[in-house]
Amino acid sequence: MEALYVLVLAAGSFLTLFVLDKLMGHRQISQMSFFDYVVGITIGSIAAEMATNLDKSWYYGVIAMSVYAAIEILLSFLSRKSTKARKLLNGSPIILISNGKISKGALRKAKININDLITQARNQGYFDIGEIDYALMEDNGSISFLPFPIYRSATPQDINKNPARSGLVINLVVDGRLQQNAVSYSGLTEKEVERIIEDAKTPLSDILLLTIDENKKTQIFKKTSPLEN
């Protein structure tokens, strides 16, 4: 009987987490502020406690999670509406490198050392710290690097090129199945898609992915057997 009760509590805590997550919104871990991180861990801990602690009423956990979620929503609202609140809650970027010069004071303020800075630079493909013009620690803790112009990747604008816009790529077929909504969004009919498949001389069941862009350029990725490379 207790096992069934735990099962019901676990399902209830998961449903509560799902609803609160929808209310708080989705953000990647790298985009989370300190408060987001703390609130997320705390709510998760309460949910686990709610699912396994049979001595307390289940609604205590729901109330506690709701309070934390409400605080998170309030802080998020304040940070959107007030620049002062945003700076207080999330902090502001710290310039670690300026004009190629590393600031020891900024490193101390960011609570990192030179080895941490070099490691982050290597993680983003800059193995020579001398290539960096500016480096900023963002308010979420990540570090953004701007190399000197001579070390930046060339863009079409640099060579006076104007490539055609491909727009959004639409997946017409996924794992051998025609995606009805995607076909409608692309502006094609099912018969036109079938004609594309016929021209490719590949059965629908053998297509892993069929895409089309705004220029009507299609790409077909066939399924391969385990023995094929």
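Keep in mind that this is a model prediction, so the values were computed, not measured.

Chemist: Tell me about the overall build of the protein, residues and numbers included.
Modeler: A count of helices and strands for the protein gives eight helices and eight strands. Across the 229 residues in the protein, those meeting the buried criterion constitute 24%. For the protein, long-range pairs separated by at least 24 residues make up 50% of all intrachain contacts whose partners lie at least 6 apart in sequence. Of the roughly 16400 Å² that the protein leaves accessible, carbon and sulfur atoms contribute 57%.

Chemist: Before we move on, can you summarise unusual backbone geometry with the specific residues and values?
Modeler: Residue N99 is not a glycine yet carries a positive backbone phi of 55°. Inspection of the secondary structure assignment puts N99 in the loop between strand 1 (94-98) and strand 2 (101-102). Taking the relative accessible area as the measure of exposure, N99 reaches 52% and is therefore exposed. For K201, which is not a glycine, the phi torsion comes out positive at approximately 55°. Counting through the fold element by element, K201 comes out in the loop between helix 8 (190-199) and strand 7 (207-212).

Chemist: Lay out the sheet that holds strand 7 in plain terms, naming residues and giving numbers.
Modeler: Read across the sheet, four strands follow the order 6-5-7-8 without closing on themselves; strand pairing throughout is antiparallel. Each having just a single partner strand, strand 6 (177-178) and strand 8 (218-222) make up the two edges of the open sheet.

Chemist: I'd love a proper account of a nonpolar patch on the surface, names of residues and values included.
Modeler: Taken together, the side chains of W58, Y59, Y60, I63, V67 and I71 define a hydrophobic patch exposed on the protein surface, amounting to about 610 Å² of accessible area. Position of I63 relative to the elements: it lies in helix 3 (residues 58-81).

Chemist: Can you lay out the pairing of strand 4 (residues 143-147) for me, pointing to particular residues and giving the numbers?
Modeler: Only one face of strand 4 is buried: it carries I143, F145 and P147, and the other face, with S144 and L146, is open. With five bridges joining them, strand 3 (residues 132-137) and strand 4 adopt antiparallel strand pairing. For I132, the partnering residue across the bridge sits in strand 4 and is P147. The antiparallel pairing of strand 3 with strand 4 creates a hairpin that spans five residues between the two strands, and G141 there sits at a positive phi of about 100°.

Chemist: Please set out helix 3 residue by residue, giving values where relevant.
Modeler: With 24 residues, helix 3 ought to run about 34 Å at 1.5 Å a step, and its terminal C-alpha atoms sit 35 Å apart, in line with that. Among all positions in helix 3, only G61, M65, A69, E72, L75 and S79 are buried.

Chemist: Please give an account of the pattern of salt bridges that cites residues and values.
Modeler: Evaluated as defined, the whole model comprises one salt bridge. As a salt-bridge pair, K223 and D175 come within 3.4 Å of each other at their nearest N and O atoms. Of this pair, K223 sits in the segment after strand 8 while D175 sits in the loop between strand 5 (170-174) and strand 6; the two residues are 48 residues apart in sequence, bridging distant segments of the chain. Taking relative accessible area as the criterion, D175 reaches 46% and is therefore assigned partly exposed.

The rules we used
- Residues numbered from 1 in each chain as written.
- Predicted model: local features only at pLDDT ≥ 70, side-chain atom pairs only at ≥ 80, totals over all residues.
- Heavy atoms only, no water.
- Helix = DSSP H or I, 4+ residues; strand = E, 2+ residues; numbered from the N terminus.
- Buried < 20%, exposed > 50% of the residue type's maximum accessible area, 1.4 Å probe, protein only.
- Contact = heavy atoms within 4.5 Å.
- Areas by Shrake-Rupley, 256 points an atom, 1.4 Å probe, with all protein chains shown as cover.
- Pairing = 2+ DSSP bridges.
- Patch = residues over 30% accessible without salt bridge, like charges linked within 9 Å, V, L, I, M, F, W, Y side chains within 5 Å.
- Salt bridge = Lys/Arg side-chain N within 4 Å of Asp/Glu carboxyl O.
- Expected span 1.5 Å × (residues − 1).

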